[in-house]
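Examining the three-dimensional arrangement
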Amino acid sequence: MSASAATTGARLKKPSWKDPRLLVGVLLVLASVVGVISLVGSADKTTEVFAAGEAIAVGEKLTPDNVSRVKVRLGEVEHGYITAESGLPEGVVAVQRIGKGQLLPRESLGSVDALDRKPVAITVQEALPEQAVAGTLVDVWVSMPDARNGFAPPKLMLPGAEIAQVSPGSTALGSAKSTVLMVLVGDEQMPSLLGAQANEAKISVVWSPGGAAK
């Protein structure tokens, strides 16, 4: 047999399971399959977290009645949200407004003592623009009573106050002729506003177009 025929026969020889090249090839294929399965499984991994069933105002306590459970893909940001596995903390309130359907970020929750703004009711008689809704910002102007002129010129008391809630007011006869705004007020501004209300000052609010929900 010639040398070329021997070489051809060697090439056509059925590979053995003991052939290291075959074993390496099989291992590479298996590693590739495992890697693809792991990647797909990681991409499909979801986490069950809490979300607001309805809009939750600042200072409102979180309970099973105003939150729901949803499954989402969070990946590396999972630590920033309240998961169903960790459970809903007891006695916590919203320190930032949480919109309907929004996931519960840990930074938006805290104790009552952690609140740096508290909701105060302001009754206004004039019509409000439709943009003045919960989550937007308004400037609160106050005109103090004046014995000679009725009311002093208005002064800006609360610039950029966030609206927590809007509801219709009513007179003693039940006819809605005013609007009650719950605005978030800092402790340093609280005495001035409460003093103005105690002295029956005229309070007006102006929607701030540049304001955005916090």
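For the structure itself, consult the block above.
What counts and what doesn't
Residues numbered from 1 in each chain as written. Predicted model: local features only at pLDDT ≥ 70, side-chain atom pairs only at ≥ 80, totals over all residues. Heavy atoms only, no water. Helix = DSSP H or I, 4+ residues; strand = E, 2+ residues; numbered from the N terminus. Buried < 20%, exposed > 50% of the residue type's maximum accessible area, 1.4 Å probe, protein only. Areas by Shrake-Rupley, 256 points an atom, 1.4 Å probe, with all protein chains shown as cover. Core = buried A, V, L, I, M, F, W, Y, C linked by side-chain atoms within 4.5 Å. Contact = heavy atoms within 4.5 Å. Pairing = 2+ DSSP bridges. Axes fitted to C-alpha atoms, helices over the stretch in contact; angles between N-to-C directions. Arc of directions from axis to C-beta. Patch = residues over 30% accessible without salt bridge, like charges linked within 9 Å, V, L, I, M, F, W, Y side chains within 5 Å. Salt bridge = Lys/Arg side-chain N within 4 Å of Asp/Glu carboxyl O.

1. What to know about the overall build of the protein chain
A count of helices and strands for the protein chain gives three helices and eleven strands. Looking at the protein chain residue by residue over its 214 residues, the buried ones come to 29%. In the structure as shown, the protein chain presents an accessible area of about 13,900 Å², 58% of it carried by carbon and sulfur atoms.

2. Section: the nonpolar core
Grouped burial of nonpolar side chains is what soluble globular proteins tend to show. Grouped together as the largest cluster of nonpolar side chains are 19 residues, with contacts concentrated most on Ile122, Val140, Val185 and Leu193. Residue assignment for this core shows that the elements contributing at least two residues are β5 (117-124), β6 (137-143), β9 (155-168), β10 (179-186), α3 (190-198) and β11 (202-207). Setting aside its immediate chain neighbours within four residues, leucine 193 contacts Val120, Ile122, Met157, Leu158, Val185 and Ile203. Core analysis: the second largest hydrophobic core is formed by eleven residues, Leu62, Val92, Ala94 and Leu109 among them.

3. Description of unusual backbone geometry
For glutamate 200, which is not glycine, the phi torsion reads 55 degrees and is therefore positive. Residue position: glutamate 200 is located in the loop between α3 and β11.

4. Some thoughts on the sheet that holds β5
With antiparallel pairing, the five strands of this open sheet are ordered in space as β5-β10-β9-β6-β11. Each of the sheet's edge strands pairs with one partner strand only, and the pair in question is β5 and β11. On average, adjacent strands in this sheet sit at an angle of 45 degrees to one another, irrespective of strand direction. In this structure, β6 lies alongside β11, joined through six bridges in antiparallel fashion. Looking at the pairing, valine 138 lines up with tryptophan 207 of β11. α3 rests against β5, β6, β9, β10 and β11 of the sheet, and its axis sits at about 25 degrees to β5.

5. Thoughts on α3
All of the buried residues in α3 are Met190, Leu193 and Ala196. Each buried residue of α3 lies within a common arc of 135 degrees when the element is viewed along its axis, so the set occupies one face. Seen from the open side of α3, the exposed residues pointing more than 90 degrees away from its buried face are Pro191 and Ala198. Summarising the contacts, the buried residues of α3 are in contact with β5, β6, β9, β10 and β11.

6. Focus on a nonpolar patch on the surface
A surface patch of nonpolar side chains, amounting to about 250 Å² of accessible area, comprises Trp141, Leu156 and Val206. Here valine 206 lies in strand β11. Given a relative accessible area of 42%, valine 206 falls into the partly exposed group.

7. What about the pattern of salt bridges?
Evaluated as defined, the whole model comprises four salt bridges. Across the pair lysine 100 and glutamate 54 runs a salt bridge whose closest N-O atoms are separated by 3.9 Å. With lysine 100 in the loop between β3 (93-94) and β4 (109-110) and glutamate 54 in the loop between β1 (47-52) and β2 (67-72), this pair connects stretches of sequence that are 46 residues apart. A salt bridge links aspartate 187 to lysine 118, with the nearest nitrogen and oxygen atoms 3.1 Å apart. Taken together, the residues span a long stretch of sequence, with aspartate 187 in the loop between β10 and α3 and lysine 118 in strand β5 at a distance of 69 residues. Accessibility expressed as a relative area gives 31% for lysine 118, which makes it partly exposed.

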